[in-house]
Each structure stands twice: as C-alpha cells, then as structure tokens.
Amino acid sequence: ASKRQGGSKVSIYHDSLNKKQAEKVHIETRLRKAIQKGDIDVYYQPKIEAKRNVITGVEALVRWNDAELGFVSPEAFIPIAEEAGLIQYLWEVVMKKACSQVSEWNKVSDEKMTLAVNFSPRQFQDPVALVNEIKHFLSLHRFDPAWFEMEITESTLLMNAEETIKALHLLKKYGISISIDDFGTGYSSLSYLKKLPIDCLKIDRSFIQDIQEDYSNSEIAQAIISLSQSLKLEVIAEGVEEEYQKAFLMKNGCDHMQGYLFSKPLAAEDFEEAFLNS
Ligand code: C2E
Ligand code: MG
Ligand code: MG
Ligand code: MG
C-alpha cells in the first residue's frame, strides 16, 4: 500500500530533487565564470568599539552579483563553492582584494584596522598548505599578521581535528588571531576553548535578536560574555541592529559590536566615503 500511495510522491520528490540539482550545477557554472572574469567583489563591514565609538577592524564578506542570476547570497553559493572545489579560488580573490585594500586604508586612517576573513571548513583539509598560503598572501601584500584575523566556525574544529589544531598553533605563532564565528550555534565541546589558541568569540546574531523580550537569548549572550571574560578571550556581538541591544551588551561587558546599527557591509568606495573621508 505504501508503495502504491507513495508512487506519485516519490516522482514529485525526484523531480524537485533534479531541479535543485540542475540549479546547483547552473550556479556552479556561473560562479566558475565569475571567478575567471573577475566578477567577484568584497564588501567590508566595520567592527566597532562602542565605548570609544571607533572602528577597530573590518570583516571582508564576499559578494557576487551575476549578470544572469542577479545578486546571489554567500549563504547560497559558499556551500556550492565548497562542494565544487571552488572555495580556494574564491578565497584567493577575497585575500588579494581585502589585503591590498585594508593596507591602503591603514596607511591613511588614524586608527589602524584589523582585517577579518572567513574560512570554510573545507580549507582545512590540508592545514599545512593553508598556513603556507596565508603566509604567502600576507607577505605579498606586506600585511602585518598581527592585524589579520581568521574567522572559523565550530564545524571547522570538528573536522580533521588533529591537523587543524596543528595549523591553528602555527598560525598563532605566526601572529594572526583566530575568532570563533557564530559562536553558540555549533555542537562542539567547549573544551577546545582552553586547548586551542583562540582569541575571540563572536556571539551569533540569533542570540542578539529580541534580547529584550527573549529571556533565554539574553541569558545565553550574558553567559558567552562571562565565559569569554573568565577565559580571557575577546568577545564581539554580531547582528546588532538596535540601540537597546547595544545598551544591553555594553552594560554586560561586551564592548565590541558589529551590525546594521553601525553599518551594513559596504563596497570599498562606500566604506571610504562613510568612514575614511572625514
Ligand atoms: P558571517 O561570517 O557570520 O557574516 C555575518 C553575516 O551577517 C553577513 O552576511 C552580514 O552581511 C550579515 N550581517 C551583518 N550585520 C547584520 C545585522 O545587523 N543584521 C543582519 N540580519 N545581518 C547582518 P553575508 O555577507 O550574507 O554572509 C553570510 C555568511 O557567508 C557569512 O556569515 C559567512 O559564513 C559566509 N561568507 C561570507 N563571505 C565569505 C568568504 O569570503 N568566505 C567564506 N568561506 N565564507 C564567507
Ligand atoms: Mg564571519
Ligand atoms: Mg557570524
Ligand atoms: Mg554566519
């Protein structure tokens, strides 16, 4: 009976699966072209120290506006890039653009800014090679490692653990700092926080939302802040959109923030216009 009833359902399922697969392949093809043609861009979102109201750093975020597909969100194409083996090429574009751009900015701005780049778990498949590539790009652009920040998620720590840990120690020794992105949403054990050379926790945006009404979110945000304080880690809140969130965070000892309240991610020219042409 289940077979008879399920017959049409199964084929509908297959159709939509095929459609999804075809769409993915299409995105992959377009993305490959975009990388070759130089159609990949980088936007910059400031990290703010709220008390002094200064920008202490920027996060580089990849952008792809395709002639045919329109704007494609990184949430949609990063996983495809990972699967298709394109993440390395994307990363190289981001590194090239961001390192040279932020070096330029740091020459002219009063306050030097750190540069944070996002890394995918896939990039840690060969951690030793990754370390060498990072060194290569930073030295190519004469970018001081002390001003470079790697953003990884907990999922990176779960895969290929031993090699990854080795790489993180090498990177640390080299002078770059390491942040855990989307902190609190992963499933890894917290013991890595004392074993690994982690510098900063980024409180996931989902815990910052509704901080006023959602008691458990505000509790979690507070817990992450005190965890970071007791482990002597830095802490930054993502997705700060409202004044009340900023006030809550400052009151609870989290002075570093990122979010639309301060600025959306901006194209380089717009970033300059907004923050560097004073
Ligand atoms: P993420 O690293 O956690 O970046 C934060 C995301 O939240 C960005 O989305 C940013 O535009 C968005 N955001 C920032 N402030 C606010 C806010 O106040 N409210 C809301 N609603 N959103 C805010 P975006 O640029 O679409 O990137 C999404 C994710 O894609 C990133 O999450 C990161 O995981 C990944 N990604 C982006 N660029 C790269 C890259 O160059 N390489 C890799 N591997 N991943 C990247
Ligand atoms: Mg990030
Ligand atoms: Mg994040
Ligand atoms: Mg995220």
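Reading the values: rules and limits
Residues numbered from 1 in each chain as written. Chains lettered and ligands numbered in written order. Predicted model: local features only at pLDDT ≥ 70, side-chain atom pairs only at ≥ 80, totals over all residues. Heavy atoms only, no water. Helix = DSSP H or I, 4+ residues; strand = E, 2+ residues; numbered from the N terminus. Polar contact = N/O pair within 3.5 Å; in protein donor to acceptor, adjacent residues only side chain to side chain. Contact = heavy atoms within 4.5 Å. Phe/Tyr/Trp six-rings, centres within 6.5 Å; stacked < 30°, edge-to-face > 60°. Near = heavy atom within 4 Å. Areas by Shrake-Rupley, 256 points an atom, 1.4 Å probe, with all protein chains shown as cover. Donors = N, O, S within 2.8 Å, 3.2 Å for Na, K, Ca; no water. Buried < 20%, exposed > 50% of the residue type's maximum accessible area, 1.4 Å probe, protein only.

For the protein, the name recorded in an unreviewed UniProt entry is Diguanylate cyclase (GGDEF)-like protein, with Priestia aryabhattai as its organism.

Student: What's the story with the side chain of Glu-238 in this structure? I'm lost.
Tutor: As for its position among the elements, Glu-238 is in the loop between β8 (234–237) and α10 (243–251). Only 3.3 Å separates the side chain of Glu-238 from the backbone nitrogen of Arg-205, close enough to count as a polar contact. For Glu-238, the contacting residues outside a window of four places in its chain are Asp-181, Asp-182, Lys-202, Ile-203, Asp-204, Arg-205, Ile-208 and Gln-258.

Student: Any chance you could explain the packing of aromatic side chains here in plain terms?
Tutor: Given two aromatic rings, their pairing is described by the distance between the two centres and the angle made by the two planes. All told, the structure shown has 7 aromatic pairs when counted by the stated rule. Both rings, one in Trp-64 and one in Phe-77, keep their centres 5.4 Å apart while their planes meet at 85 degrees; by these two values the pair is edge-to-face. Taken together, the positions of Trp-64 in strand β2 (residues 54–66) and Phe-77 in helix α2 (residues 74–84) put the pair 13 residues apart, joining distant regions of the chain. Note on Trp-91 and Phe-137: the rings are 5.4 Å apart at their centroids and 85 degrees apart in plane angle, and the pair reads as edge-to-face.

Student: I keep staring at the site of ligand 1 and nothing clicks. Help me out?
Tutor: Not every one of the 22 residues close to ligand 1 is listed here, only the nearest: Arg-63, Asp-181, Arg-205, Glu-241 and Tyr-260. Take Arg-63: an N or O atom from its side chain is 2.8 Å from an oxygen atom of ligand 1. Take Asp-181: an N or O atom from its side chain is 2.8 Å from an oxygen atom of ligand 1. For ligand 1, whose free accessible area comes to 800 Å², the fraction covered by protein is 85%.

Student: Can you help me understand the coordination of the magnesium ion (ligand 3) in this one?
Tutor: Any two of four tetrahedral donors ideally make an angle of 109.5 degrees at the metal, while pairs among six octahedral donors ideally make 90 or 180 degrees. The magnesium ion (ligand 3) binds to the protein through Asp-181 (OD), Asp-182 (OD), Glu-238 (OE) and Glu-238 (OE); the donor distances cover 1.8 to 2.7 Å. For the magnesium ion (ligand 3), the single-chain donor residues occur in sequence as D-D-x55-E. Between the magnesium ion (ligand 3) and the magnesium ion (ligand 2), the interatomic distance is 4.2 Å, and Asp-181 donates to each metal, bridging them. Placement of Asp-182 in strand β6 (residues 177–183) and of Glu-238 in the loop between β8 and α10 is noted, with a sequence separation of 56 residues between them. On the basis of relative accessible area, Asp-182 is assigned to the partly exposed category, the value being 26%.

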